[in-house]
Amino acid sequence: MSEEVLWKGSPSQVLNLGKYLLVLLLAIGIGVGGFFFFPIWAALIIPIIWAIWIYMQTRSIRTELTTERIRLEQGIFNRKLDDVELYRVKDTSMERPFWYRIFGLSTLVIETSDLSQPRIEIKAVSDGDTLRENLRKQVEMLRDKKRVREVDFDHMADSGGDHGDMGDHGGVA
């Protein structure tokens, strides 16, 4: 069976509304200043370039859910690609801040046992419930297929309650 893409997306630009508002206020300030000192109008290039940069940063973030892994890609000039195998997913949760709810968006938070990506946030996506449910089903199906189970160990239970000289290391000497 070959790997298939189940979902592909990027964060919504709603994620940047606060930044865009700041850019707009800066542009208005420069515009008002331009009425008193004409050469200041040239400074309007700063908020324009800043707005384009904010847009490109968000647009360059790509997340892909396949039948076997989560692929994370980001970066404008230098691209970074990271994969997390689905059987490493430990838990998922959904965050819906008020501002996102207005636009029907949510953030999917994924806890994994992957050392390079212990926490993945898929921000400002629409239909997050469906994405979360598809992810959950695919994780269970892949774990059954590969016969993999996630096991958590309690470090304090392993040490028999005697903490000795371990201090704040959580059972790691």
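Anything mentioned here points back to the structure above.
Residues numbered from 1 in each chain as written. Predicted model: local features only at pLDDT ≥ 70, side-chain atom pairs only at ≥ 80, totals over all residues. Heavy atoms only, no water.

Asks: It is not clear to me how the sheet that holds strand β1 (residues 5-9) should be interpreted in this structure. Could you clarify?
Replies: In sheet architecture, strand pairing relies on hydrogen bonds along the backbone and comes in two forms, parallel and antiparallel. The antiparallel open sheet is built from four strands, whose spatial order is β1-β2-β3-β4. The outermost strands of the open sheet, each flanked by one partner alone, are β1 and β4 (80-85). On average, adjacent strands in this sheet sit at an angle of 15 degrees to one another, irrespective of strand direction. By the bridge criterion, six bridges tie strand β3 (residues 69-74) to β4 in an arrangement that is antiparallel. Opposite E73, over in β4, you have L81 as the bridge partner. (Pairing = 2+ DSSP bridges. Helix = DSSP H or I, 4+ residues; strand = E, 2+ residues; numbered from the N terminus. Axes fitted to C-alpha atoms, helices over the stretch in contact; angles between N-to-C directions.)

Asks: Help me understand helix α4 (residues 128-146), please; the structure alone is not making it clear to me.
Replies: One full turn of an α-helix is made of 3.6 residues, so residues set three or four places apart face in the same direction. The end-to-end C-alpha distance of α4, which contains 19 residues, comes to 27 Å, matching closely the 27 Å that a straight helix rising 1.5 Å per residue would cover. Within α4, the full set of buried residues consists of G128, L131, L135, Q138, V139, L142 and R143. Summarising the axial view, the buried residues of α4 lie within an arc of 130 degrees, below the 170-degree limit, and thus occupy one face. Here the buried face of α4 lies against β1, β2 (62-66), β3, β5 (89-95), β6 (105-112) and β7 (119-126). Following α4 by one or two positions, R147 has its phi on the positive side, about 55 degrees. (Expected span 1.5 Å × (residues − 1). Buried < 20%, exposed > 50% of the residue type's maximum accessible area, 1.4 Å probe, protein only. Arc of directions from axis to C-beta. Contact = heavy atoms within 4.5 Å.)

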